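# Secondary and tertiary structure notes
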Amino acid sequence: ETGVTQTPRHLVMGMTNKKSLKCEQHLGHNAMYWYKQSAKKPLELMFVYSLEERVENNSVPSRFSPECPNSSHLFLHLHTLQPEDSALYLCASSQHLASNQPQHFGDGTRLSIL
Amino acid sequence: QQQVKQSPQSLIVQKGGIPIINCAYENTAFDYFPWYQQFPGKGPALLIAIRPDVSEKKEGRFTISFNKSAKQFSLHIMDSQPGDSATYFCAASIGGSARQLTFGSGTQLTVLP
């Protein structure tokens, strides 16, 4: 599978650590997304980038900081996280933000905050 | 209202059975309804999607039924197989835009051999 790749697959960090999640898409897409997936809850859209510009920030705490250096790469920088931030973080991409553009998801990073 | 309510939370059927997963929404501006399938350790993958101008859409063994007046839509899996065991998410958006995609809470389906 070479569509959307996320690294690392698992991450355990303390509340005072700083780490980054990486997402890379090889599909030539122009839009990229970060989602948070918690057990038995709907996927929560965190950030949306289109052509490397952030177009959506769904009231996400500032301890999460996204970065999109180019249309193929997306990062989520983490610092001073809380235990409730433990979740699966999914990256997705789509051709555009326009109608009927399916999202292609990566397999996620399982984040555990100690 | 942006919420999409999905039920049941979990579902167990025998091989060959027809599991049905239901979703309901309030926002009448929603006009694109995709379903995603997620296997353990994997990200969600688009399974099938429908627009409200049709009442039913079939792709292989998967069928979406849509009831616009009731603001409900459902996923039926015909002749279910153990390989269909996964978590299924319904979603809805306005104008098909991924920017405003709202997900249901998911249904964990188990198909027994």
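Values in this document were obtained by computation on a predicted structure and should not be read as measured data.

Reading the values: rules and limits
Residues numbered from 1 in each chain as written. Chains lettered and ligands numbered in written order. Predicted model: local features only at pLDDT ≥ 70, side-chain atom pairs only at ≥ 80, totals over all residues. Heavy atoms only, no water. Contact = heavy atoms within 4.5 Å. Buried area = accessible area lost by both parts, 1.4 Å probe. Salt bridge = Lys/Arg side-chain N within 4 Å of Asp/Glu carboxyl O. Helix = DSSP H or I, 4+ residues; strand = E, 2+ residues; numbered from the N terminus. Nonpolar A, V, L, I, M, F, W, Y, C, P; charged D, E, K, R; others polar. 1 Å grid on protein atoms, 1.4 Å probe; cavity = no way out; pocket = protein on both sides within 12 Å on 5 of 7 lines; lining within 4 Å. Points joined across faces, edges and corners; volume = space filled by probe spheres on them. Polar contact = N/O pair within 3.5 Å; in protein donor to acceptor, adjacent residues only side chain to side chain. Pairing = 2+ DSSP bridges. Axes fitted to C-alpha atoms, helices over the stretch in contact; angles between N-to-C directions. Core = buried A, V, L, I, M, F, W, Y, C linked by side-chain atoms within 4.5 Å. Buried < 20%, exposed > 50% of the residue type's maximum accessible area, 1.4 Å probe, protein only.

## Quick notes on the interface of chain A and chain B
With 23 residues of chain A at the interface, the matching set in chain B holds 20 residues. Together chain A and chain B conceal approximately 1800 Å² of surface at their shared face, both sides included; 50% is due to carbon and sulfur atoms. At the surface where chain A touches chain B, the tally comes to 1 salt bridge. Where the side of chain A that touches chain B is concerned, the elements lending two or more residues are β4 (31-37), β6 (53-57) and β9 (87-94) of chain A. By residue class, the composition of the side of chain A that touches chain B is 12 nonpolar, 6 polar and 5 charged.

## Side note on unusual backbone geometry
Going from T7 of chain A to P8 of chain A, the amide bond is cis rather than trans, its omega being -10°. Mapping P8 of chain A onto the fold places it in the loop between β1 (4-7) and β2 (10-13). Residues S7 of chain B and P8 of chain B are joined by a peptide bond in cis, for which omega reads -5°. Position of P8 of chain B relative to the elements: it lies in the loop between β1 (4-7) and β2 (10-14). One non-glycine residue, K71 of chain B, adopts positive backbone phi at about 55°.

## What about the layout of surface pockets?
Unfilled space is identified by rolling a water-sized probe across the atoms. Empty space within the largest pocket amounts to approximately 610 Å³. As for the largest pocket, its lining consists of 28 residues, and the residues nearest its centre are Q37 of chain A together with Q38, T87, F89 and Q108 of chain B. Residue assignment for the lining of the largest pocket shows that the elements contributing at least two residues are β9 (86-92) and β11 (107-112) of chain B. Ranked by residues supplied to the lining of the largest pocket, first place goes to β11 of chain B with 4 residues. Looking at the lining of the largest pocket, its residues break down into 7 nonpolar, 15 polar and 6 charged.

## Description of the side chain of Q25 of chain A
Residue and element names in this part refer to chain A. Mapped onto the fold, Q25 is located in strand β3 (residues 18-25). A distance of 3.2 Å separates a polar atom in the side chain of Q25 from the backbone nitrogen of G28. Among the polar contacts made by the side chain of Q25, one reaches the main-chain carbonyl oxygen of H29 at a distance of 2.8 Å. Non-local contacts of Q25, meaning those with residues more than four positions away in its chain, are made with G3, V4, M32, S71, S72 and S93.

## Remarks on the sheet that holds strand β6 (residues 56-59) of chain B
All names here are of chain B. One open sheet accounts for 5 strands, arranged β1-β3-β8-β7-β6; its pairing is antiparallel. Among the strands making up the open sheet, the edge pair consists of β1 and β6. Direction aside, neighbouring strands of the sheet carry axes that sit 15° apart on average. When β1 meets strand β3 (residues 20-25), the two strands line up antiparallel, connected through 4 bridges. Opposite V4, over in β3, you have Y25 as the bridge partner.

## Examining the nonpolar core
Ranked by internal contacts, the top residues of the largest apolar core, which has 24 residues, are V4, F33, W35, F73, L75, Y88 and L109 of chain B. Of all the elements in the fold, those that place two or more residues in this core are β2, β3, β4 (33-38), β5 (45-50), β7 (62-67), β8 (72-77), β9 and β11 of chain B. Ranked by residue count, the leading element in this core is β9 of chain B, at 4 residues. Sequence-distant contacts of L75 of chain B, defined by excluding residues within four places in its chain, comprise P19, I20, I21, W35, L47, I48, F62, T63, I64 and Y88 of chain B. Counting residues in each nonpolar core, the second largest holds 22 residues, with C23, V60, L78 and C91 of chain A among its members.

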